[in-house]
Amino acid sequence: MLTQHSTATSLLARFRTVREGTMRFCAPLTPEDMMVQSCAEASPVKWHLAHTSWFFETFVLSEFTAGYKPFHADFRWLFNSYYNAVGDRPEKKLRASFSRPGLDEILAFRKHVDAGIVRLLEQGADDEALRRVVLGLEHEHQHLELAATDVKHAFFTNPLQPAYTPQPEGASQEEAIAPPLEWLAFTPGPATQPGVVEIGVSPDPAAIEAFAFDNETPRHRVYLAPFRLASRLTTCAEYLAFMDEGGYTRPELWLSEGWDTIRDQEWQAPLYWRRDTAAKSGWSIFTMHGWRTLEKVSETPVCHLSFFEADAFARWSGARLPTEFEWEFVAAQQPVRGNFLESGALHPTTASAKSGSQQMFGDVWEWTSSPYTGYPGYKPLPGALGEYNGKFMSSQIILRGGSCVTPQTHIRATYRNFFHPATRWQFSGLRLARDGQS
Ligand SMILES: [Fe+2]
């Protein structure tokens, strides 16, 4: 009981930190900014604020608080995202038309939910309720990252193309030079069982705060042949060389679906790049801090690539993308440090001149070559929450490591992100890999 009490106390502090963090992100935004839904993948920030509260109300307060009175009877269906077991919901593309309820009412909804969770944690909650609060906080972190990427896209599509915030003073790594790319060789597994490694996690059910999503479980064995991994992420300058050598016009470099996609979409560069005759490089890049000429950020990791572009670049480089297991095997040996949301950079930064693997966490999500499937023995969470991850296990590719808009405490070596291979509004880039030892 003492342990449960201390878990509830530390969760209470974490709950406040995470919820306040979401509102801090919203501070530079106007109510009108929070209404924009500028692409099919995105949602308005106002919707994110409501939906994350909906999650706590639906899966914690309504189930674990006796006599809980929902804030508004319609919110249960209005702010449901994709949970069929919870019931019907508006089409995603209509979220920008939610001028009502107004922002004030959404903020009042957040306060109502905050008070309910605080009361629950202060008065005592059972283990399952505590686990749901932890899940709700991880969910809120995911939506905070989505809100950041959605705001970037919204501002890019606005004719004025405003900056979310000015470039932070002294925080810029512009014009820093990335260290030369090294090939780090790995021979996985013990001498008695070469190549056999353990991947994923089997959480201790008693360790409520040691969170992992169901799709990271269970821990299981995988075979990895010797491989090499690039010491750092691929830079904008390296990607520009691919473009300058006709990368987008050479069908032999592309997967069939990728070739069709770049022709249909008329892609000739990553998302947020535009031709700029005033720039020495001929290109500028849109960031959360406004436009930057490419030459200013050419040594920073390239981002906003689809899987298809990452894969074509790797083929042009005479390399390949790592599997998610190769990536995890290396990342698991490192501390979780990097350029995350909290740094305020809100853009990938140049690798520092250190030896060994760099930028494994933060900066950009790294496309892997692995399809998103369940691990052997995978079981989705019971009930409606089983829809959180499991039902998306088709036609998606795994990304690893988090980005410059991922909250630091949200990421870990076993974390599996997933998107359709043509997706590029997230901060997504790549790291090269090769077979063998040399
Ligand atoms: Fe959600």
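What counts as what
Residues numbered from 1 in each chain as written. Predicted model: local features only at pLDDT ≥ 70, side-chain atom pairs only at ≥ 80, totals over all residues. Heavy atoms only, no water. 1 Å grid on protein atoms, 1.4 Å probe; cavity = no way out; pocket = protein on both sides within 12 Å on 5 of 7 lines; lining within 4 Å. Points joined across faces, edges and corners; volume = space filled by probe spheres on them. Helix = DSSP H or I, 4+ residues; strand = E, 2+ residues; numbered from the N terminus. Nonpolar A, V, L, I, M, F, W, Y, C, P; charged D, E, K, R; others polar. Donors = N, O, S within 2.8 Å, 3.2 Å for Na, K, Ca; no water. Buried < 20%, exposed > 50% of the residue type's maximum accessible area, 1.4 Å probe, protein only. Arc of directions from axis to C-beta. Contact = heavy atoms within 4.5 Å. Salt bridge = Lys/Arg side-chain N within 4 Å of Asp/Glu carboxyl O. Polar contact = N/O pair within 3.5 Å; in protein donor to acceptor, adjacent residues only side chain to side chain. Pairing = 2+ DSSP bridges. Axes fitted to C-alpha atoms, helices over the stretch in contact; angles between N-to-C directions. Domains from an automatic or database assignment. Buried area = accessible area lost by both parts, 1.4 Å probe.

Here the focus is empty space enclosed by the protein. Within this structure, the stated rule accounts for three cavities of 30 Å³ or more. In this model, the second largest cavity occupies a volume close to 60 Å³. As for the second largest cavity, its lining consists of Thr22, Phe25, Cys26, Val45, His48, Leu49, Thr52, Arg110, Glu140, His143, Leu144 and Ala147. Among the secondary structure elements, those contributing two or more residues to the lining of the second largest cavity are α1 (2-26), α2 (45-64) and α5 (127-157). When its residues are assigned to classes, the lining of the second largest cavity shows six nonpolar, four polar and two charged.

A few words now on the coordination of the iron ion. Taken together, His51 (NE2), His139 (NE2) and His143 (NE2) make up the full set of protein donors to the iron ion, lying 2.2 Å away. Positions of the donor residues of the iron ion, expressed as sequence spacing, correspond to H-x87-H-x3-H. One end of the pair, His139, and the other, His143, are both in helix α5, four residues apart, so they sit about a helical turn from each other. What makes His143 buried here is its relative accessible area of 10%.

Of the volumes computed, that of the largest pocket is approximately 910 Å³. In terms of lining, the largest pocket is formed by 34 residues, of which the most central are Tyr82, Lys92, Leu146, Phe418 and Phe419. The set of elements that each furnish at least two residues to the lining of the largest pocket consists of α2, α5 and β12 (417-419). Considering each element in turn, the lining of the largest pocket owes the most residues, six residues, to α5. The residue inventory of the lining of the largest pocket, partitioned by class, reads 13 nonpolar, 15 polar and six charged. The volume enclosed by the second largest pocket comes to roughly 630 Å³.

Within the sequence span of helix α6 (residues 236-244), burial applies to Cys236, Tyr239, Leu240, Phe242 and Met243. In a view along the axis of α6, the buried residues occupy a sector of 155°, so they form one face of it. Elements in contact with the buried residues of α6: β5 (273-275), β6 (283-287), α8 (294-297) and α9 (307-316). Taken from the residues just after α6, Gly246 is the one with a positive phi, measuring 80°.

Next up on the list: the pattern of salt bridges. For the coordinates displayed, the defined rule picks out 21 salt bridges. A salt bridge links Arg412 to Glu216, with the nearest nitrogen and oxygen atoms 2.8 Å apart. Of this pair, Arg412 sits in the loop between β11 (397-400) and β12 while Glu216 is found in the loop between β2 (196-199) and β3 (220-223), placing the two residues 196 residues apart along the sequence. When its relative accessible area of 15% is taken as the criterion, Arg412 is described as buried. The class for Glu216 is buried, based on a relative accessible area of 0%.

As for its placement among the helices and strands, Glu326 is situated in helix α10 (residues 324-331). A distance of 2.9 Å separates polar atoms of two side chains, one belonging to Glu326 and the other to Arg320. Those residues within four positions of Glu326 in sequence are excluded, and the remaining contacts are Leu224, Phe227, Arg320 and Ala433.

Here we have three strands laid out as an open sheet, ordered β5-β6-β7, and antiparallel in their pairing. Where the open sheet ends on each side, the last strands, each with one partner, are β5 and β7 (290-293). Averaged over neighbouring strand pairs, the angle between their axes works out to 35° when direction is ignored. Bridge count between β5 and β6: three bridges; the pairing is antiparallel. Bridge pairing links Arg275 to Trp283 in β6.

What follows covers the domain arrangement of the protein. The accessible area lost on association of the parts is a frequent measure of interface size. On domain assignment, one finds that the protein holds domain 1 (4-157) and domain 2 (183-435). Here domain 1 and domain 2 have C-alpha centroids that lie 27 Å from each other. Contacts between the two partners involve 35 residues from domain 1 and, on the opposite side, 33 residues from domain 2. Summing both sides of the interface, domain 1 and domain 2 together bury roughly 3,100 Å²; the carbon and sulfur share of this comes to 67%. Ranking the residues of domain 1 by area buried against domain 2 places Glu145, Lys152 and Phe156 at the top, with a combined share of 24%. Joining domain 1 to domain 2, the criterion identifies zero salt bridges. Here domain 1 and domain 2 share 17 residue pairs in polar contact (both at pLDDT 80 or more) between them.

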